[in-house]
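# Examining the three-dimensional arrangement
Here are the chains, one letter per residue:
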Amino acid sequence: MGNPVGDRAIVLGGSMAGLLAARALADAYTEVLIVDRDELIGVTTARRGVPQGRHVHGLLARGQQILEEWFPGFTAGTTAAGIPTGDLGELRWYFNGRRLQPASTGLICVSAARPVLESHVRAHVDAVPNITFVEQCDIVGLVTTEDNGRVTGVRVHRQAEGSVEETLNADLVVDATGRGSRTPVWLEELGYARPDEDRIKINLSYTTRHYRLPDESILNGDLSINPVSTPTHPRGAFFSRIEDGRCVLSLTGVLGESAPTDPEGFLDWTRSLPVPDVYDVIKDAEPLDDPVSFRYPASQRRHYERLTRFPEHFLVLGDAACSFNPVYGQGMTVAALESLVLRDHLRQGIVPDALRFFKDISKVIDVPWEMSASGDLGFPEVEGTRSMKVKMGNAYMAKLHAAATKDGRLTRTFMRVAGLVDPPQALMSPRTMFRVFRNSKLEPLDTPQAPETPATDVDTPKAA
Ligand SMILES: Cc1cc2nc3c(=O)[nH]c(=O)nc-3n(C[C@H](O)[C@H](O)[C@H](O)COP(=O)(O)OP(=O)(O)OC[C@H]3O[C@@H](n4cnc5c(N)ncnc54)[C@H](O)[C@@H]3O)c2cc1C
C-alpha cells in the first residue's frame, strides 16, 4: 500500500458483496473491519443472515473471472477442495422443453453450494492481514458529524452476554447488508431523501432439496440440468452436482406458484417439468434433507445514483443497492463487478465520492437489470411498461433460444452475454442475427403436460 486513503474502513455485512468490498478496501485503508450478525469463520452451511444460501446459486462466468483476479488460484483451490467445475456452455440448458446445443465456451462454472462458495471467498479475505472480522455483532445505526454531513462510524451491539451498544469509528463505512439494508431509513432520519426504487414483481419461489445419487453415471458426466422457466413453461428447475458427492435441486415457480415442501409433492412437481431429465435423476436418489422454500417477491433497484445529496464517507453496494431476480444468477457477479468499481475509485488515492461511485455502479447494474427486468416482463402477468425495445428484445430472445437448440455457436454467444462477459450487443451482430433467423424455425414438440399440482404456501420467508 502506498499512502493509505484512511485509517479504518468498516464494511457492514460479511456476505459476498461485503467480502469483495473489503478486499478492495484493504489496498487503501490501514485497517478494514467486516461486521456481521452471524458467526462467519469456518461456517460452510446456510446461516441466518443469508437464508437464500440454501438454494442453488450459480456463479456467472464474469464473477468467476473476478474472483480469480482478486484471489489468484481461486478456482484451482475450489477444485482441489472437491468442488466440481464445468464449461458453462456444456451444461444441460433447456428453454421451452428443448436443449440448447452444447458448446465449449471456455467459461468456467464453479458448482458449489452457496455457503461453501462463500467460505472459500471468506478464507481468501481472512488471509489478507489488515482485514478483521467482527462476528456475531448487530449493526444498529450510523454515527455522523453534528451536521449529519459525514459518516464517522457505526453503532453496534455485540451478541456476547453483557455487551452494551458501542461505537466503532471509521473513515469510510460501506453498507453491504443486503436487500434488507436500513440505509433508506437512516437517510431519512438524517434529513436526506430516500432513493427512488424500481420493483418488478415476479413473486418467485425456490423450493430446494439435496440428494446423493446412487450412481452418478446417470448424469452422463453432466454437471447440471437446468430447464429454465419461460412464459410458455413457467415451472423451472436448477439441478447441480456440487461438492462432497452431493447434488442440489431448486424448483422455481413464478407469479405465486410454488413447489410443495412435502417429499411426495416435491417429486410430483419435478415430474411436471417440461423435460423428464431432472425427475429421472432424482427419483431413485437418496434425499439428504427435507425440501425448504423461499419466497422472492420482487426484484428491487434503489437508484442511489439519482440522489443529489448523500452523507460523505459512506457507500452502499451489493443487494443493498440492487437485488436481481435470482433465476438469472446475477447478484454475486454484480457484487464482484462493484468491487472493481470501488477499487478504481480508491486508486485515485482519495475517499470515494458517494454520488460519483453510485453513478459508476449504476452503469454496472444497468445491463443485468435490463436483462432480468425484460425477461420478467415477458410474463404477461408481471406488472410494468413494455417498451418496444422490451417487446422486440423478448421476441428475438425466444428465436435465439430456439435457434441455439440447433446451433452451438449461438449457445456460446448467449452464454457469454448471460455470463456478463460480453455486452448484449454481441447478440445483435449481423453474423449472430443471420444464424438466429436461419435456425429458429423448429418442428412442433410433444411436450409432456404438466399434471395439476396444487400451489402451496412457502414456509421460509426471507428475513429481510
Ligand atoms: C433464492 C435466491 C437464489 C439466488 N441465486 C443466485 C445465483 O444463482 N447467483 C447469484 O449470483 N446470486 C444469486 N442470488 C443473489 C445472491 O444471494 C446475492 O446477490 C449475494 O448474496 C450478494 O448479496 P449481498 O452480499 O449484497 O447481501 P446478502 O447476501 O443478503 O448478505 C447480507 C449480509 O449482511 C448481514 N447483515 C444484514 N443486516 C445486518 C445487521 N443489522 N447487523 C449485522 N449484520 C447484518 C447478513 O448477516 C449477511 O451476511 C440469489 C438470491 C436468492 C434470494
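Note that the structure is predicted; figures quoted are calculated from it, not measured.

Let us look at the pattern of salt bridges. Following the criterion strictly, the structure yields 27 salt bridges and no others. The closest approach of N and O atoms between Glu-166 and Arg-158, which form a salt bridge, is 2.7 Å. The exposure class assigned to Glu-166 is partly exposed, which follows from its relative accessible area of 26%. Among the ionic pairs, Asp-360 bridges to Lys-363, the shortest N-O distance being 3.0 Å. You can see Asp-360 and its partner Lys-363 sitting in helix 9 (residues 354-377), three residues apart, about one turn around the helix. Assessed through its relative accessible area of 58%, Lys-363 is described here as exposed.

Strand order in the open sheet made by the three strands is 8-9-10, with antiparallel pairing throughout. Strands with a single pairing partner mark the edges of an open sheet, and in this sheet they are strand 8 (137-144) and strand 10 (166-169). Shown here is a sheet whose adjacent strand axes are inclined to one another by a mean of 35°, direction ignored.

Further remarks concern the site of the ligand. Among the 32 residues in the neighbourhood of the ligand, the closest are listed as Ser-15, Asp-36, Gly-58, Arg-114 and Asp-319. Interatomic distance of 2.7 Å between a side-chain N/O atom of Ser-15 and an oxygen atom of the ligand. At 3.3 Å, a backbone N or O of Gly-331 approaches an oxygen atom of the ligand. Surface burial for the ligand is 94%, taken as the share of its 1000 Å² of free accessible area covered by protein chains. The set of elements that each furnish at least two residues to the shell around the ligand consists of helix 1 (16-25), strand 8, strand 17 (292-303) and helix 8 (331-346). Here the residues of the shell around the ligand are counted per class, giving 12 nonpolar, 13 polar and seven charged.

Structurally, the position occupied by Gly-384 is in the loop between helix 9 and helix 10 (388-404). Sequence separation between Gly-384 and Ala-123 is 261 residues, and the spatial gap between their C-alpha atoms is 42 Å.

Attention shifts here to the nonpolar core. As a rule of thumb, nonpolar side chains are buried together in soluble globular proteins. One finds Leu-25, Tyr-29, Val-121, Phe-310 and Leu-342 to be the most contacted residues of the largest nonpolar core, which totals 99 residues. Counting residues in each nonpolar core, the second largest holds 20 residues, with Leu-107, Leu-223, Val-228 and Leu-400 among its members.

Let's shift gears to the confidence of the model for the protein chain. Per-residue confidence for the protein chain gives a mean pLDDT of 94, with 96% of residues at or over 70. Scored below 50 in pLDDT, residues 448-464 shows 35 contacts in the model against residues more than four places distant or in partner chains.

Applying the stated rule across the entire model yields zero disulfides. Here Cys-247 is not cross-linked by a disulfide; its sulfur's nearest cysteine counterpart is in Cys-109, at 13 Å. Looking at Cys-247, the relative accessible area reads 0%, which means it is buried.

The geometry of an aromatic ring pair is captured by the separation of the ring centres together with the interplanar angle, meaning the angle of the planes. Under the counting rule described, the total for this entry stands at 10 aromatic pairs. Ring geometry for Tyr-206 versus Phe-238: centroids 6.4 Å apart, planes at 25°, classification stacked. Residue Tyr-206 is found in strand 12 (residues 196-212), and its partner Phe-238 is found in strand 14 (residues 236-241); the two are separated by 32 residues along the sequence. The exposure class assigned to Tyr-206 is buried, which follows from its relative accessible area of 5%. Residues Phe-310 and Phe-358 carry aromatic rings whose centres are separated by 4.8 Å and whose planes lie at 85° to one another, so their mutual orientation is edge-to-face. Of the two residues, Phe-310 sits in the loop between strand 17 and strand 18 (314-316) while Phe-358 sits in helix 9, which places them 48 residues apart along the sequence. In this structure, Phe-310 and Phe-358 share a single accessibility class: buried. Over the ring of Tyr-192 we find Arg-309, and its NZ or CZ is 4.3 Å from the ring centre. A cation over an aromatic ring shows up here: Arg-343 above the ring of Trp-70, its NZ or CZ 5.8 Å from the ring centre.

Glancing now at a negative patch on the surface. Among the surface-exposed residues, Glu-146, Asp-147, Glu-312 and Asp-353 lie close enough to one another that they form a single negatively charged patch. Using a relative accessible area of 84% as the deciding quantity, one classes Glu-146 as exposed.

Every regular strand shows the same layout, with side chains that alternate between the two sheet faces. Direction of pairing for strand 8 relative to strand 9 (residues 151-158): antiparallel, over a ladder of seven bridges. Among the inter-strand pairings, Gly-141 is bridged to a residue of strand 9, identified as Arg-155. In textbook terms, the turn of a hairpin is the stretch between consecutive antiparallel strands, and for strand 8 and strand 9 this stretch comprises six residues, one of which, Asn-148, has a positive phi near 60°. Relative to strand 10, strand 9 runs antiparallel, the two being bridged by four bridges. The partner of Val-156 across the bridge, within strand 10, is Glu-166.

With that out of the way, let us pick up the sheet that holds strand 1 (residues 6-12). The five strands are arranged 7-2-1-11-18 in an open sheet whose pairing can be described as parallel. The open sheet is flanked by strand 7 (131-134) and strand 18, the only strands paired with a single partner. Strand-to-strand twist across the sheet, computed as the mean angle between neighbouring axes with direction ignored, equals 20°. Note that strand 1 and strand 11 (residues 172-175) share four bridges and pair parallel. Counted as the bridge partner of Val-11 is Val-174 from strand 11. Sitting on the sheet, helix 1 touches strand 1, strand 2 (29-35), strand 7 and strand 11, and the angle it makes with strand 2 is about 170°.

On to helix 12 (residues 430-439). Those residues of helix 12 lying buried are Thr-432, Arg-435, Val-436 and Asn-439. Down the axis of helix 12, the sector holding all buried residues measures 100°, keeping them to one side. Within helix 12, the exposed residues directed more than 90 degrees away from the buried face are Pro-430 and Phe-434. Elements that come into contact with the buried residues of helix 12 comprise helix 10 and helix 11 (408-418).

Here is what the cut-offs are and how they apply
Residues numbered from 1 in each chain as written. Predicted model: local features only at pLDDT ≥ 70, side-chain atom pairs only at ≥ 80, totals over all residues. Heavy atoms only, no water. Salt bridge = Lys/Arg side-chain N within 4 Å of Asp/Glu carboxyl O. Buried < 20%, exposed > 50% of the residue type's maximum accessible area, 1.4 Å probe, protein only. Helix = DSSP H or I, 4+ residues; strand = E, 2+ residues; numbered from the N terminus. Pairing = 2+ DSSP bridges. Axes fitted to C-alpha atoms, helices over the stretch in contact; angles between N-to-C directions. Near = heavy atom within 4 Å. Polar contact = N/O pair within 3.5 Å; in protein donor to acceptor, adjacent residues only side chain to side chain. Areas by Shrake-Rupley, 256 points an atom, 1.4 Å probe, with all protein chains shown as cover. Nonpolar A, V, L, I, M, F, W, Y, C, P; charged D, E, K, R; others polar. Core = buried A, V, L, I, M, F, W, Y, C linked by side-chain atoms within 4.5 Å. pLDDT = per-residue confidence, 0-100. Contact = heavy atoms within 4.5 Å. Disulfide = S-S within 2.5 Å. Phe/Tyr/Trp six-rings, centres within 6.5 Å; stacked < 30°, edge-to-face > 60°. Lys NZ or Arg CZ within 6 Å of the ring centre and 35° of its normal. Patch = residues over 30% accessible without salt bridge, like charges linked within 9 Å, V, L, I, M, F, W, Y side chains within 5 Å. Lys, Arg positive; Asp, Glu negative; His and termini not counted. Charge placed at Lys NZ, Arg CZ, Asp CG, Glu CD. Arc of directions from axis to C-beta.

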